[in-house]
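Residue-level structural notes
Now for the letters of each chain:
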Amino acid sequence: MEFFPTIPVIKYEGKDSKNMLAFRHYNPDEVILGKPMREHLKFALSYWHTMCAEGSDMFGRGTMNKDFGGQTPMEIYKNKAYAAFELMNKLSIDYFCFHDRDIAPEGKTLEESNKNLDEIAELLEKLMKENNKKLLWGTANCFNHPRYMNGAGTSPEADAFAYAAAQIKKAMEVTVKLGGNGYVYWGGREGYETLLNTDMGKELDNLGFLLKLTSQYARSIGFKGDFYIEPKPKEPTKHQYDFDAATVIGFLQKYDLMDDFKLNIEANHATLAGHTFQHELAVARVNGAFGSIDANQGDLQLGWDTDQFPTNVYETTMCMLEVIKAGGFTNGGLNFDAKTRRASNTPEDIAYSYIAGMDAFALGLRLAAMVLEDGRIEEFVKQRYASYESGIGKKISDKTVTIEELEAHAKGLGEFETVPSGRQEYLENILNSIMF
Ligand code: XUL
Ligand code: CO
C-alpha cells in the first residue's frame, strides 16, 4: 500500500529547476571535498515530528491525521513504520531517529509498553534490512507522561527515577537491536519551575548517576555508538539543567562522563540560549565533544522552540564549515528535528519541507567547501595568531615562559598602543563574495 501517493520519488534536477518536488542542490552521490554529499550530510527523518505530530498547539487541536488508515493502536503504529520507510525512500534519506513512544503505543504497565515496543522493533528491523536504512539514534520519552511532571532523573520522587531508568534500559535494548549509531539524552523535564521547591544539588547528582548507570548498561549489552546530551536552556521547564553546550560539558566533567558522551547540537536550542548555532557547534568541537546535529531553525522574534525546517543558507553554511572543521560526522548526522507549520497540513507539505531543509544544507555544504577552497578567511585567522608561532608568543604557546620573562618583555615594548585590526566587515564581505 502506498501512503503518500501524491509524493513522487524526489530527484536531483539542478539549481535551475522550477520543479519544487525536486532537489536543486542535494545530489546524494556527487563528491564534494573527496566525499559523497550523502556521507557529508547523513540526513535523518525524525519519527516524532513526521510520523506522529498532528499539528496541535496550546490553542488548537491537530490539523493533520497521522493514523495512516490504522484502526487499532498497534495497526496505526505499524502503518507509521511502513509510511516512514516509503517517505525515506522517496526523499533519499538514509537514517531515522525515534523516541520509544514514537514507534509503539505506551501500555498501561511497563511490561505492556515493552511488549508493544518489541513487536514494532521486529517490524522496523525487517524494514531497515529491506530498504537499506539505518538508525542514527534512539532515545526514551521520559517527559510526556504525568509521572514525569517533576522530571525523570531529577524527579523528587524515587519511583519516577526508577521508572525512567527501566524505560531507558529498554530503549537502549531496542537501539542496540536496531544497530543504532547513537543514543540521545535530551533533558525533557530535567530542570525546575521554582527553586522554592527544588534541591538542585540532589537533582544534579541523581541525573549524573542515571546517565552513568544507563550508559554503562548499554555498553554491557554491546552498544558501540556514541551517547549524546542535547543541550536546551528552557521549555518545557523554566530552567533546563542542560542549558547550553558549555554547561553540559561542565556537567559531564563533574560526573566523569566526558569519555563516553558527546553533544547533539540543535539550532533552535542554541538561539533560545542566546547563542548562535555556530557558537554551540564550536564549543562542542573545541572541547572534543562534537557528535551530532538536530537540524532546524527557530523564529528569532519568538521565545520558544518552533522547530522549523531550516532554510537560512547563512546558518547552514556556517554549520557545515563547523562540521568539516570537526572532521565530519562519525556516528552522528543531521536529524531534521523539524515539523511543518500547523497550517501546512497536507502530505505534500512534508515533502516540500524536507526538500527545503535538505537543499538548504546541501547548498550550505557546497558553499562551505567554496569558502575553504578560497582559503582567504582561514588564512586570515591563521595570520591573526601568527605572533604565537615565534619569540615570546611561542613560549606562551609552549607554556614555558615565566611571569618575570613576560614582565621584562612588556617593559621592552615601551609605549605599546595598538594591535592589528580584526577586519570583521572585510571578512563578512569576502564571505558574501563567495556565497553570491
Ligand atoms: C525537544 C527536542 C527533542 C530531542 C529528543 O526540544 O529537541 O525532540 O531532540 O528528545
Ligand atoms: Co532535538
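Residues numbered from 1 in each chain as written. Chains lettered and ligands numbered in written order. Predicted model: local features only at pLDDT ≥ 70, side-chain atom pairs only at ≥ 80, totals over all residues. Heavy atoms only, no water.

1. A closer look at the site of ligand 1
Inspection of the region around ligand 1 gives Trp48, His99, Trp186, Glu230, Lys232, Glu266, His269, Asp294, Asp305 and Asp337 as its neighbouring residues. Interatomic distance of 2.7 Å between a side-chain N/O atom of His99 and an oxygen atom of ligand 1. Measuring from an oxygen atom of ligand 1, one finds a side-chain N or O atom of Glu266 at 2.8 Å. Compared with its free state, where it exposes 290 Å², ligand 1 has 93% of that area covered by protein. When grouped by side-chain class, the residues that make up the shell around ligand 1 number two nonpolar, two polar and six charged. (Near = heavy atom within 4 Å. Polar contact = N/O pair within 3.5 Å; in protein donor to acceptor, adjacent residues only side chain to side chain. Areas by Shrake-Rupley, 256 points an atom, 1.4 Å probe, with all protein chains shown as cover. Nonpolar A, V, L, I, M, F, W, Y, C, P; charged D, E, K, R; others polar.)

2. A closer look at the coordination of the cobalt ion (ligand 2)
In this structure, Glu230 (OE), Glu266 (OE), Asp294 (OD) and Asp337 (OD) serve as the protein donors to the cobalt ion (ligand 2), at separations of 1.9 to 2.1 Å. Between consecutive donor residues of the cobalt ion (ligand 2), the sequence gaps follow E-x35-E-x27-D-x42-D. With Asp294 in strand 13 (residues 290-294) and Asp337 in the loop between strand 14 (334-336) and helix 12 (347-374), this pair connects stretches of sequence that are 43 residues apart. Just as Asp294 is buried, Asp337 falls in that class too. (Donors = N, O, S within 2.8 Å, 3.2 Å for Na, K, Ca; no water. Helix = DSSP H or I, 4+ residues; strand = E, 2+ residues; numbered from the N terminus. Buried < 20%, exposed > 50% of the residue type's maximum accessible area, 1.4 Å probe, protein only.)

3. Remarks on the domain arrangement of the protein
We note that the domain assignment places domain 1 (11-374) and domain 2 (385-435) within the protein. Each of domain 1 and domain 2 was reduced to a C-alpha centroid, and the two centroids are 40 Å apart. Taken together, the eight residues of domain 1 in the interface contact five residues of domain 2. Buried surface at the junction of domain 1 and domain 2, summed over both partners, amounts to about 580 Å²; 79% is from carbon and sulfur atoms. Area buried by domain 1 at its contact with domain 2 is led by Tyr314, Leu367 and Val371, which between them contribute 59% of it. Linking domain 1 to domain 2 there are one residue pair in polar contact (both at pLDDT 80 or more). Residue assignment for the side of domain 1 that touches domain 2 shows that the elements contributing at least two residues are helix 11 (313-325) and helix 12. (Domains from an automatic or database assignment. Contact = heavy atoms within 4.5 Å. Buried area = accessible area lost by both parts, 1.4 Å probe.)

4. Brief notes about the packing of helix 3 (residues 73-91) against helix 5 (residues 110-131)
If you want to describe how two helices pack, look at the angle between their axes and the distance between the axes. Look at helix 3 against helix 5: their axes get within 11 Å of each other, and the N-to-C directions meet at 20°. Relative to helix 5, the element helix 3 lies roughly parallel. Considering the relative orientation of helix 3 and helix 5, their crossing is right-handed. Residues Met74, Tyr77, Lys78, Ala81, Tyr82, Phe85 and Asn89 of helix 3 form the contact with helix 5, whose participating residues are Asn116, Glu119, Ile120, Leu123, Leu124, Leu127, Met128 and Asn131. (Axes fitted to C-alpha atoms, helices over the stretch in contact; angles between N-to-C directions. Parallel < 35°, antiparallel > 145°, perpendicular 65-115°, else oblique. Left-handed = near helix turned anticlockwise from the far one by under 90°.)

5. Brief notes about the packing of helix 12 against helix 16 (residues 424-435)
Packing of helix 12 against helix 16 leaves a shortest axis separation of 10 Å and a crossing angle of 120°. With respect to helix 16, the axis of helix 12 lies oblique. Pair helix 12 / helix 16 crosses with right-handed handedness. Note on element contacts: helix 16 touches helix 12 through Ile430, Leu431, Ile434 and Met435, opposite Leu367, Met370, Val371 and Asp374. Class assignment of the residues belonging to the contact of helix 12 with helix 16 gives a composition of seven nonpolar, no polar and one charged.

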